[in-house]
Amino acid sequence: MSNQELHATKSVEQDEAVHDLTIDHRVQRDALDVVKVNAIVNDFYPDALGRITVSVRSNGDRVVIDGWHRVEAVRRLTDNAGTIPARVYEDLTLKEEAATFLKLNATNRPRVLDKWKVRTTMEDPLTVEVTALLNAFGWSISHAAQNGHVNAVGSLERIYNLSRKLEAEPNLIHATFMVITKAWGHDRYGAQSTVIEGIAALVAEHKSLLDLAVLIGKLKEYKGGPQTLIQEARNLAGICNMLVPMAVAEILTDKYNIGRKKNVLPTWRKRR
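(A) Spotlight on the overall build of the protein chain. When helices and strands are counted, the protein chain shows twelve helices and seven strands. Computed over the C-alpha atoms, the radius of gyration of the protein chain is 23 Å, more than 25% above the 19 Å expected from 2.2 N^0.38 for a compact globule of 272 residues. Out of the 272 residues belonging to the protein chain, those deemed buried represent 45%. For the protein chain, the share of sequence-separated contacts (at least 6 apart) that also reach a separation of at least 24 residues comes to 71%. Here the protein chain displays about 14100 Å² of accessible surface, and carbon together with sulfur accounts for 48% of that area.

Given below as C-alpha coordinates:
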(Lines give C-alpha, C1' and ligand atoms only; values in the text may rest on other atoms or scores of the structure.)
Protein backbone atom coordinates (compact mmCIF):
# COMPACT_ATOMS: atom_id res chain seq x y z
CA MET A 1 0.00 0.00 0.00
CA SER A 2 1.60 3.29 -1.10
CA ASN A 3 1.34 6.56 0.79
CA GLN A 4 -0.79 7.87 -2.07
CA GLU A 5 -3.20 4.91 -1.72
CA LEU A 6 -3.29 5.40 2.06
CA HIS A 7 -4.20 9.08 1.81
CA ALA A 8 -6.82 8.28 -0.84
CA THR A 9 -8.60 5.98 1.60
CA LYS A 10 -11.55 7.53 3.41
CA SER A 11 -10.48 8.99 6.74
CA VAL A 12 -11.45 11.60 9.30
CA GLU A 13 -9.46 13.47 11.94
CA GLN A 14 -11.06 13.39 15.37
CA ASP A 15 -10.35 12.74 19.03
CA GLU A 16 -10.66 9.11 20.12
CA ALA A 17 -11.48 7.91 23.65
CA VAL A 18 -8.58 5.72 24.72
CA HIS A 19 -10.89 3.26 26.49
CA ASP A 20 -12.48 2.48 23.10
CA LEU A 21 -9.19 1.59 21.43
CA THR A 22 -7.96 -1.97 21.00
CA ILE A 23 -4.77 -3.70 19.86
CA ASP A 24 -4.55 -6.50 17.27
CA HIS A 25 -1.08 -8.04 17.45
CA ARG A 26 -1.35 -9.29 13.88
CA VAL A 27 -0.89 -5.66 12.79
CA GLN A 28 1.07 -4.36 15.78
CA ARG A 29 4.10 -5.07 17.90
CA ASP A 30 3.90 -7.97 20.31
CA ALA A 31 4.76 -5.81 23.29
CA LEU A 32 5.10 -2.22 24.41
CA ASP A 33 8.46 -0.64 25.11
CA VAL A 34 7.88 0.29 28.75
CA VAL A 35 10.84 2.68 28.75
CA LYS A 36 9.33 4.57 25.83
CA VAL A 37 5.91 4.79 27.49
CA ASN A 38 7.46 6.04 30.74
CA ALA A 39 9.41 8.68 28.82
CA ILE A 40 6.18 10.00 27.28
CA VAL A 41 4.43 9.99 30.67
CA ASN A 42 7.29 11.72 32.49
CA ASP A 43 7.67 14.45 29.89
CA PHE A 44 4.05 14.69 28.78
CA TYR A 45 3.22 17.51 26.39
CA PRO A 46 -0.18 17.14 24.70
CA ASP A 47 0.74 19.27 21.67
CA ALA A 48 3.64 16.92 20.90
CA LEU A 49 1.48 13.79 20.67
CA GLY A 50 0.56 14.26 17.04
CA ARG A 51 -2.16 12.04 15.62
CA ILE A 52 -2.32 8.33 16.11
CA THR A 53 -3.79 6.11 13.37
CA VAL A 54 -6.91 4.04 13.97
CA SER A 55 -8.77 1.55 11.80
CA VAL A 56 -12.50 1.12 12.40
CA ARG A 57 -13.54 -2.39 11.42
CA SER A 58 -16.92 -3.58 10.27
CA ASN A 59 -17.59 -5.13 13.71
CA GLY A 60 -17.00 -1.75 15.38
CA ASP A 61 -13.54 -2.50 16.79
CA ARG A 62 -11.32 0.60 16.82
CA VAL A 63 -7.84 -0.81 16.28
CA VAL A 64 -4.67 1.20 16.89
CA ILE A 65 -2.43 0.89 13.83
CA ASP A 66 0.14 3.49 14.87
CA GLY A 67 0.60 5.23 18.22
CA TRP A 68 0.17 2.41 20.76
CA HIS A 69 2.83 3.88 23.08
CA ARG A 70 1.12 7.29 23.05
CA VAL A 71 -2.27 5.69 23.72
CA GLU A 72 -0.86 3.79 26.69
CA ALA A 73 0.69 6.98 28.08
CA VAL A 74 -2.67 8.79 27.90
CA ARG A 75 -4.39 5.78 29.51
CA ARG A 76 -2.01 5.98 32.47
CA LEU A 77 -2.22 9.75 32.84
CA THR A 78 -6.03 9.90 32.65
CA ASP A 79 -6.97 6.63 34.35
CA ASN A 80 -8.16 5.36 30.95
CA ALA A 81 -10.66 8.23 30.64
CA GLY A 82 -8.82 10.57 28.26
CA THR A 83 -8.89 11.22 24.53
CA ILE A 84 -6.18 11.42 21.91
CA PRO A 85 -6.08 13.02 18.43
CA ALA A 86 -6.40 10.44 15.67
CA ARG A 87 -6.69 9.91 11.96
CA VAL A 88 -9.41 7.32 11.59
CA TYR A 89 -9.76 5.02 8.57
CA GLU A 90 -12.69 2.82 7.69
CA ASP A 91 -13.00 -0.26 5.51
CA LEU A 92 -9.32 -1.24 5.57
CA THR A 93 -8.65 -4.94 5.06
CA LEU A 94 -6.38 -6.77 7.49
CA LYS A 95 -3.62 -6.73 4.85
CA GLU A 96 -4.07 -2.98 4.39
CA GLU A 97 -3.87 -2.43 8.14
CA ALA A 98 -0.60 -4.38 8.26
CA ALA A 99 0.81 -2.45 5.29
CA THR A 100 -0.20 0.82 6.96
CA PHE A 101 1.62 -0.13 10.16
CA LEU A 102 4.83 -0.82 8.23
CA LYS A 103 4.53 2.39 6.21
CA LEU A 104 3.98 4.56 9.26
CA ASN A 105 6.85 2.90 11.14
CA ALA A 106 9.40 3.03 8.31
CA THR A 107 11.67 5.40 10.26
CA ASN A 108 10.72 4.19 13.76
CA ARG A 109 11.50 0.58 13.00
CA PRO A 110 9.69 -2.14 14.95
CA ARG A 111 11.70 -5.15 16.07
CA VAL A 112 12.46 -7.51 13.22
CA LEU A 113 10.19 -10.20 14.69
CA ASP A 114 7.28 -7.76 14.92
CA LYS A 115 7.91 -6.69 11.36
CA TRP A 116 8.06 -10.34 10.22
CA LYS A 117 4.71 -11.06 11.89
CA VAL A 118 3.06 -8.06 10.26
CA ARG A 119 4.54 -9.00 6.87
CA THR A 120 2.99 -12.45 7.31
CA THR A 121 -0.37 -10.81 8.00
CA MET A 122 0.14 -8.94 4.70
CA GLU A 123 0.64 -12.36 3.06
CA ASP A 124 4.18 -11.47 2.02
CA PRO A 125 5.27 -14.52 -0.05
CA LEU A 126 8.68 -14.85 1.60
CA THR A 127 7.51 -14.78 5.21
CA VAL A 128 4.49 -16.98 4.49
CA GLU A 129 6.60 -19.64 2.75
CA VAL A 130 9.38 -19.65 5.33
CA THR A 131 6.85 -19.86 8.17
CA ALA A 132 5.18 -22.81 6.44
CA LEU A 133 8.54 -24.57 5.99
CA LEU A 134 9.30 -24.19 9.69
CA ASN A 135 5.81 -25.28 10.75
CA ALA A 136 6.22 -28.47 8.71
CA PHE A 137 9.01 -29.50 11.11
CA GLY A 138 7.16 -28.37 14.24
CA TRP A 139 8.89 -24.98 14.65
CA SER A 140 7.26 -21.58 15.09
CA ILE A 141 8.56 -18.03 14.96
CA SER A 142 8.40 -16.32 18.34
CA HIS A 143 10.13 -13.85 20.65
CA ALA A 144 10.09 -16.46 23.43
CA ALA A 145 13.38 -18.29 24.02
CA GLN A 146 11.84 -21.75 24.26
CA ASN A 147 12.28 -25.12 22.61
CA GLY A 148 10.52 -25.21 19.26
CA HIS A 149 10.78 -21.45 18.77
CA VAL A 150 12.89 -19.59 16.20
CA ASN A 151 13.64 -15.88 16.49
CA ALA A 152 16.54 -15.56 14.02
CA VAL A 153 14.32 -14.21 11.26
CA GLY A 154 17.12 -12.17 9.69
CA SER A 155 19.05 -15.40 9.16
CA LEU A 156 15.97 -17.13 7.78
CA GLU A 157 15.47 -14.39 5.21
CA ARG A 158 19.12 -14.48 4.12
CA ILE A 159 19.04 -18.28 3.77
CA TYR A 160 15.78 -18.18 1.85
CA ASN A 161 17.11 -15.57 -0.58
CA LEU A 162 20.34 -17.55 -1.06
CA SER A 163 18.26 -20.64 -1.78
CA ARG A 164 16.28 -18.79 -4.44
CA LYS A 165 19.48 -17.46 -5.98
CA LEU A 166 21.01 -20.96 -6.13
CA GLU A 167 17.69 -22.51 -7.17
CA ALA A 168 18.31 -25.08 -4.44
CA GLU A 169 15.96 -28.03 -4.30
CA PRO A 170 14.79 -28.63 -1.68
CA ASN A 171 14.84 -25.11 -0.29
CA LEU A 172 17.77 -24.52 2.05
CA ILE A 173 15.37 -23.70 4.90
CA HIS A 174 13.73 -27.10 4.42
CA ALA A 175 17.05 -28.97 4.31
CA THR A 176 18.51 -27.07 7.27
CA PHE A 177 15.57 -27.61 9.60
CA MET A 178 15.15 -31.21 8.55
CA VAL A 179 18.76 -31.79 9.64
CA ILE A 180 18.39 -29.83 12.89
CA THR A 181 15.09 -31.45 13.86
CA LYS A 182 16.13 -35.02 13.11
CA ALA A 183 19.41 -34.52 14.97
CA TRP A 184 18.35 -32.51 18.02
CA GLY A 185 14.57 -32.37 18.03
CA HIS A 186 13.28 -28.92 18.92
CA ASP A 187 16.18 -27.83 21.11
CA ARG A 188 16.11 -24.04 20.89
CA TYR A 189 19.90 -23.87 20.69
CA GLY A 190 19.69 -25.78 17.43
CA ALA A 191 17.77 -22.85 15.95
CA GLN A 192 20.30 -20.16 16.92
CA SER A 193 21.34 -17.98 14.00
CA THR A 194 24.94 -19.21 14.00
CA VAL A 195 23.85 -22.84 13.78
CA ILE A 196 21.22 -22.45 11.08
CA GLU A 197 23.43 -20.22 8.95
CA GLY A 198 26.39 -22.57 9.34
CA ILE A 199 24.40 -25.67 8.38
CA ALA A 200 22.73 -23.84 5.49
CA ALA A 201 26.14 -22.71 4.20
CA LEU A 202 27.41 -26.29 4.35
CA VAL A 203 24.38 -27.60 2.45
CA ALA A 204 24.57 -24.80 -0.13
CA GLU A 205 28.30 -25.32 -0.71
CA HIS A 206 28.26 -29.08 -1.25
CA LYS A 207 24.77 -29.75 -2.60
CA SER A 208 24.54 -33.39 -3.79
CA LEU A 209 27.99 -34.31 -2.40
CA LEU A 210 26.70 -33.88 1.13
CA ASP A 211 24.76 -36.87 2.48
CA LEU A 212 22.22 -35.31 4.83
CA ALA A 213 21.59 -38.61 6.60
CA VAL A 214 25.30 -38.83 7.46
CA LEU A 215 25.31 -35.22 8.66
CA ILE A 216 22.29 -35.91 10.87
CA GLY A 217 24.08 -38.90 12.37
CA LYS A 218 27.19 -36.82 13.09
CA LEU A 219 25.09 -34.14 14.80
CA LYS A 220 23.31 -36.73 16.94
CA GLU A 221 26.72 -37.91 18.13
CA TYR A 222 28.01 -34.38 18.75
CA LYS A 223 28.99 -34.33 22.41
CA GLY A 224 27.16 -31.53 24.20
CA GLY A 225 24.74 -30.94 21.33
CA PRO A 226 24.11 -27.54 19.76
CA GLN A 227 25.14 -25.55 22.84
CA THR A 228 28.63 -27.03 22.74
CA LEU A 229 28.80 -26.59 18.97
CA ILE A 230 28.03 -22.89 19.34
CA GLN A 231 30.70 -22.41 22.02
CA GLU A 232 33.34 -24.30 20.05
CA ALA A 233 32.48 -22.30 16.93
CA ARG A 234 32.85 -19.04 18.84
CA ASN A 235 36.25 -20.13 20.11
CA LEU A 236 37.39 -21.13 16.61
CA ALA A 237 36.05 -17.92 15.11
CA GLY A 238 38.02 -15.86 17.62
CA ILE A 239 41.22 -17.73 16.93
CA CYS A 240 40.89 -17.76 13.12
CA ASN A 241 39.27 -14.35 12.65
CA MET A 242 36.19 -15.74 10.93
CA LEU A 243 32.44 -15.41 11.28
CA VAL A 244 30.89 -17.82 13.77
CA PRO A 245 28.53 -19.47 11.20
CA MET A 246 31.55 -20.21 9.02
CA ALA A 247 33.26 -21.73 12.04
CA VAL A 248 30.18 -23.93 12.52
CA ALA A 249 30.50 -25.06 8.89
CA GLU A 250 34.21 -25.79 9.33
CA ILE A 251 33.70 -27.82 12.50
CA LEU A 252 30.89 -29.83 10.90
CA THR A 253 32.98 -30.43 7.78
CA ASP A 254 35.70 -31.98 9.92
CA LYS A 255 33.19 -34.04 11.93
CA TYR A 256 31.47 -35.22 8.75
CA ASN A 257 34.75 -36.44 7.24
CA ILE A 258 35.81 -38.54 10.22
CA GLY A 259 35.91 -42.20 9.21
CA ARG A 260 34.91 -41.53 5.59
CA LYS A 261 36.95 -42.83 2.64
CA LYS A 262 34.58 -41.83 -0.15
CA ASN A 263 32.84 -38.53 -0.91
CA VAL A 264 35.00 -36.68 1.59
CA LEU A 265 34.13 -33.01 1.80
CA PRO A 266 36.81 -30.48 0.81
CA THR A 267 38.40 -28.55 3.65
CA TRP A 268 36.22 -25.59 4.57
CA ARG A 269 37.97 -22.38 3.49
CA LYS A 270 35.37 -19.66 3.81
CA ARG A 271 35.82 -17.10 6.54
CA ARG A 272 33.09 -14.61 5.68
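(B) Main features of the pairing of strand β5 (residues 83–90). Alignment of strand β1 (residues 11–17) against β5, held across seven bridges, turns out to be antiparallel. Across the sheet, residue Asp 15 finds its bridge partner in β5, namely Pro 85. Both strand β3 (residues 52–56) and β5 contribute to a ladder of five bridges, which runs parallel. Within β5, the position partnered with Val 54 by the bridge is Val 88.

(C) Looking closely at the packing of aromatic side chains. Enumeration according to the criterion identifies one aromatic pair in this entry. Taking NZ or CZ as reference, Lys 255 lies 5.3 Å from the ring centre of Tyr 222, over its face.

(D) Examining unusual backbone geometry more closely. For the bond running from Glu 169 to Pro 170, omega is 5°, close enough to zero to count as cis. Note that Pro 170 resides in the loop between α7 (153–166) and α8 (172–184). Of note in the backbone geometry, Asp 79 takes a positive phi value of approximately 55° without being a glycine.

(E) Inspection of helix α10 (residues 212–220) at higher detail. All buried positions along α10 are accounted for by Leu 215, Ile 216 and Leu 219. The buried residues of α10 occupy one face: seen down the axis, they fall within an arc of 100°. Along α10, the residues that are exposed and aim more than 90 degrees away from the buried face are Ala 213 and Lys 220. Elements that come into contact with the buried residues of α10 comprise α8, α9 (193–206) and α12 (244–257).

(F) Looking closely at the environment of Val 74. Summarising the element assignment, Val 74 is placed in helix α3 (residues 68–78). Using a relative accessible area of 3% as the deciding quantity, one classes Val 74 as buried. Sequence-distant contacts of Val 74, defined by excluding residues within four places in its chain, comprise Val 18, Phe 44, Leu 49, Gly 82, Thr 83 and Ile 84.

(G) Summary view of the side chain of Asn 105. Relative to the elements of secondary structure, Asn 105 occurs in the loop between α4 (94–104) and α5 (112–121). For Asn 105, a relative accessible area of 3% corresponds to the buried category. In this structure the side chain of Asn 105 is engaged in a polar contact, spanning 3.4 Å, whose partner is the side chain of Arg 29.

(H) Seen up close, the pattern of salt bridges. According to the stated counting rule, one finds 17 salt bridges in the structure shown. Between Glu 13 and Arg 51 there is a salt bridge, and its shortest N-O distance comes to 3.4 Å. Residue Glu 13 is located in strand β1, and its partner Arg 51 is located in the loop between α2 (34–42) and β3; the two are separated by 38 residues in the primary sequence. With its nearest N and O atoms 2.7 Å apart, the salt bridge here joins Arg 26 to Asp 24. When its relative accessible area of 11% is taken as the criterion, Asp 24 is described as buried.

Each value, and the rule that gives it
Residues numbered from 1 in each chain as written. Predicted model: local features only at pLDDT ≥ 70, side-chain atom pairs only at ≥ 80, totals over all residues. Heavy atoms only, no water. Helix = DSSP H or I, 4+ residues; strand = E, 2+ residues; numbered from the N terminus. Rg over C-alpha atoms; globule rule 2.2 N^0.38 Å. Buried < 20%, exposed > 50% of the residue type's maximum accessible area, 1.4 Å probe, protein only. Contact = heavy atoms within 4.5 Å. Areas by Shrake-Rupley, 256 points an atom, 1.4 Å probe, with all protein chains shown as cover. Pairing = 2+ DSSP bridges. Phe/Tyr/Trp six-rings, centres within 6.5 Å; stacked < 30°, edge-to-face > 60°. Lys NZ or Arg CZ within 6 Å of the ring centre and 35° of its normal. Arc of directions from axis to C-beta. Polar contact = N/O pair within 3.5 Å; in protein donor to acceptor, adjacent residues only side chain to side chain. Salt bridge = Lys/Arg side-chain N within 4 Å of Asp/Glu carboxyl O.

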